[in-house]
Amino acid sequence: MPRHPNPNRLTLIAALLPLVLAACATNKPQADNQEAQAVAQQTVQAVEAAASAVPSPATPVARAATAPEEKLDVLLEDNLNPGEKVDLDAPKTHVDLWARMRAGMAMPELDNDLVRKAEDWYSSRPDYVARMTGRGSLYLYHVVEEVQKRGMPMELALLPFVESAFRNDAQSSAKAVGMWQFMPATGRDFDLKQNIFRDDRRDVLASTKAALDYLQRLNKMFDGDWQLALAAYNWGQGNVSKAVARNQKAGLPIDYDSLRMPDETRYYLPKLQAVKNILMRPEAFGIELPAVANHPYFLSVNIDRDMDVARAAQLAELDEDTFRQFNPSMNKPVILAASSGQLLLPYDNASTFVANLEKYRGPLASWTAWVVPRTMKPADAARQVGMNETGLREINRIPARMLVTKGSTLLVPRTAERDRDVSEHLADNASIGFAPDVPPMRRVTLKANKGDTVASVARRYRLGTTQLAQWNRVSTKATFKPGQQVVAYVREGQQLAAVEPSSATSKSSSRSTKSAKSATSGKVTKVASSAANKPAKGGAKTRSAKVAASEGKGARTVATKTALR
């Protein structure tokens, strides 16, 4: 990022030089976290004193002379401090953000074998730590600002390193998503929208706000104990509450070390402590942290029209992958103004985007939303919207052998007839549903013979035992009464006939043969056609507690909650 000469830096350097030399003298591998924190606090205080002694420019430096001044004034406001303009040359921006974080640590220190184990794991993987901290450097300022504004311990700003290695595209086997690893239900509880167009669990600002709201709630629930709050963030508040109650009933301590908990949760805080130790004394572990400046890395730009992701990246003069690093919540190749209403862009690219948008005269979006008027085959829907079936399936993720149900929202190309931006209601509530694409079925009834069971009838007519039981709402081991009507479904045009039993059948072979003959001679009664089988009752869902995030093609798979076990 370009910098402009500023004579006030000499004053800042003069104030910081003695402290930098002191830090070099004391920050040895043997120095403990308290010494590192004291040096960091002195550094931050010196920077603040120098900043207050040096007058700041009245207005920020404009980065794009072609953009209107009034546009830039709005553009260069800090996302987290509305109304406050960003000045990259202000003295306070030159403090190392890592020093600011060191100065804000406030949680009790952990020192045990699990911490040593986690330290060894990280320090033996410097390339992994470099990638993790490099990603984190894009978002850390915003996390640190939020943590400090709320008066929370700065250790919490390190939590995404443990949860997801600061990957906003991380997804666990248990469906936890984003750099803070929100489960779907918890995300909805904290107003993180999740639909076919967006997933706010991946949004940097929205997910950070939600995570800190959640942690504050947990801290209050556990009487200000941040260690228990973090255990609940990992294990669930109900589980920690039960563990606390169990210890209270047994007259045992209720601190983090005394509770009975899964190994993953037992290891959760030691991993966070290990990351903290590396941050406090990186040279002691052979780790080099990237420089992170104390100012926003990205800004928000409001948009009032739908816009293709590719077009927005082009206007910002970014490649699409980099653009998505800052706007990862978008699930489709179009950005809906009614949904998010803003883009996050690096500082200079934000100015470039506004300038290029002012000059751009072409169409901004080539996609829009279409609500399916009736349950349809994908091929029929594709013909109706003027695209090929393969393209429709791919962009809307329609599985094979499925119909799209009535009321579903599909992303389709814009045409002269469909050129409106997507409405706010649709942008926030769009969903898609599917139904099996099976031939029409008709309902038939069979008459049970004496001694017939679900299994024997299913075997006789070559039907599935489980399916036959579901159709008749009985168990697979049920017995039918003689003459009872048994319901089955067959494809249109299919004739249901009994199968002659083999000589190896049970003693009831002759009875089965007799009943089969009677069934084929007219005792199969046709009833009115039915459109579909009755659905089976669903079972309760379970979820794993393990979280995994991939480190990229050819790299080691990193378990973001169990990586160090």
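Conventions and cut-offs
What you see as residue numbers is a count from 1 along each chain, following the sequence as written. pLDDT decides what is reported in this predicted model: residues at 70 or higher carry local features, side-chain atom pairs at 80 or more are listed and counted, and totals for whole chains, interfaces and linings draw on all residues regardless. Side-chain numbers here rest on the full set of heavy atoms in the structure, without hydrogens or water. Working definition: helices are DSSP H or I runs of at least four residues, strands are E runs of at least two. Numbering for both runs from the N terminus. Using a 1.4 Å probe on the protein chains alone, a residue whose accessible area is under 20% of its type maximum counts as buried, one over 50% counts as exposed, and one in between counts as partly exposed. Any two residues whose heavy atoms approach within 4.5 Å at even a single point are treated as in contact. By convention a nonpolar core is built from buried Ala, Val, Leu, Ile, Met, Phe, Trp, Tyr and Cys residues, the set being connected through side-chain atoms within 4.5 Å. Criterion used throughout: strands pair if DSSP finds at least two bridges between them. Two aromatic rings from Phe, Tyr or Trp, using only the six-membered ring of Trp, form a pair when their centres are within 6.5 Å; if the ring planes differ by under 30 degrees the pair is stacked, by over 60 it is edge-to-face, and anything between is tilted. Whenever a helix is involved, its axis is fitted only over the stretch in contact; in every case the axis is a line through C-alpha atoms, and angles between N-to-C directions fall within 0 to 180 degrees. By definition in this entry, angles of less than 35 degrees are roughly parallel, angles greater than 145 are roughly antiparallel, angles of 65 to 115 are roughly perpendicular, and the rest are oblique. The nonpolar class holds Ala, Val, Leu, Ile, Met, Phe, Trp, Tyr, Cys and Pro. Asp, Glu, Lys and Arg form the charged class, and all remaining residues, Gly among them, are polar. Given a helix with a known number of residues, its expected span is that number minus one, times 1.5 Å. Directions are taken from the helix axis to each C-beta atom, and the arc is the one they span. Residues are called lining when one of their atoms sits within 4 Å of a cavity or pocket point, these points coming from a 1 Å grid over the protein atoms alone, where a cavity is a set in which a 1.4 Å probe fits but cannot get out and a pocket is an open set with protein on both sides within 12 Å along at least five of seven lines. Grid points are joined across faces, edges and corners, and a volume is the space filled by probe spheres set on the points.

Asker: Tell me about the overall build of the chain, residues and numbers included.
Answerer: Counting secondary structure elements, the chain contains 22 helices and 13 strands. Across the 565 residues that make up the chain, the buried fraction comes to 49%. Looking at the chain alone, contacts between residues at least 24 apart form 72% of all its contacts between residues at least 6 apart.

Asker: Kindly report on the nonpolar core, identifying the contributing residues and their values.
Answerer: With 74 residues, the main nonpolar core has Met101, Tyr122, Trp180, Phe182, Leu215, Leu230 and Tyr233 as its most contacted residues. Of the residues forming this core, the biggest block, 10 residues, is contributed by helix H6 (residues 126–149). In this structure phenylalanine 182 touches Lys175, Ala176, Val177, Gly187, Phe190, Leu192, Arg201, Ser207, Ala210, Ala211, Tyr214 and Tyr233, once residues within four positions along its chain are discounted. Among the nonpolar cores identified, the runner-up in size contains 25 residues, and Ala369, Ile395, Ile398 and Ala430 belong to it.

Asker: A description of the pairing of strand S4 (residues 342–346) should follow, citing residues and the corresponding values.
Answerer: Buried residues dominate S4, accounting for 4 of its 5 residues. Of the strand pairs in this sheet, strand S1 (residues 298–302) and S4 are connected by 5 bridges, and their pairing is antiparallel. Across the sheet, the residue bridging to valine 301 is leucine 343, located in S4.

Asker: Describe the packing of aromatic side chains, naming the residues involved and giving the relevant values.
Answerer: Enumeration over the complete set of coordinates arrives at 13 aromatic pairs. With centroids separated by 5.4 Å and ring planes inclined at 90 degrees, the aromatic side chains of tryptophan 121 and tyrosine 122 adopt a geometry described as edge-to-face. Here tryptophan 121 and tyrosine 122 have matching classes, each one buried. Seen from their ring centres, phenylalanine 161 and phenylalanine 166 are 4.7 Å apart, and the 70 degrees between their planes marks the pair as edge-to-face. Side by side, phenylalanine 161 and phenylalanine 166 carry an identical accessibility label, which is buried.

Asker: I'd like a rundown of the packing of helix H17 (residues 378–385) against helix H18 (residues 389–396), residues and numbers included.
Answerer: Where H17 meets H18, the axes come as close as 8 Å, and the angle between the chain directions of the two elements is 100 degrees. As far as their axial angle goes, H18 and H17 are roughly perpendicular. Judged by residue contacts, Pro378, Ala379, Ala381, Ala382 and Val385 of H17 engage Glu389, Leu392 and Arg393 from H18. The residue makeup of the contact of H17 with H18, split by class, is 6 nonpolar, no polar and 2 charged.

Asker: Lay out helix H11 (residues 237–249) with the relevant residues and their values.
Answerer: Helix length check: H11 (13 residues) gives 18 Å between terminal C-alpha atoms against 18 Å at 1.5 Å per residue, within 8%. The complete set of buried residues in H11 reads Val240, Ala243, Val244 and Asn247. Projected onto a plane normal to the axis of H11, the buried residues spread over an arc of 100 degrees and lie on a single side. Exposed positions of H11 whose direction lies more than 90 degrees from the buried face are Lys242 and Lys249. Along its buried surface, H11 packs onto helix H10 (226–235).

Asker: Outline helix H21 (residues 465–472), listing residues and values.
Answerer: Buried within H21 we find Leu468, Ala469, Trp471 and Asn472. The arc that holds the buried residues of H21, viewed along the axis, is 160 degrees, so those residues lie on one side. Where H21 is buried, its residues contact helix H20 (454–460) and strand S10 (485–491). Looking one or two residues past H21, arginine 473 carries a phi angle of roughly 55 degrees, positive in sign.

Asker: Can you lay out empty space enclosed by the protein for me, pointing to particular residues and giving the numbers?
Answerer: Scanning the entire structure with this criterion turns up 4 cavities of 30 Å³ or more. Within this model, the largest cavity holds a volume of roughly 100 Å³. As for the largest cavity, its lining consists of Trp98, Tyr122, Val129, Met132, Thr133, Leu158, Phe161, Val275, Ile278, Leu279 and Leu289. For the lining of the largest cavity, the elements supplying multiple residues, two or more each, are H6 and helix H13 (268–280). Approximately 60 Å³ is the volume found for the second largest cavity. Surrounding the second largest cavity, Met107, Pro108, Leu110, Glu155, Gln227, Leu269, Leu272, Gln273 and Lys276 form its lining. It is H13 that provides the largest number of residues to the lining of the second largest cavity, a total of 4 residues. Tallied by class, residues from the lining of the second largest cavity come to 5 nonpolar, 2 polar and 2 charged.

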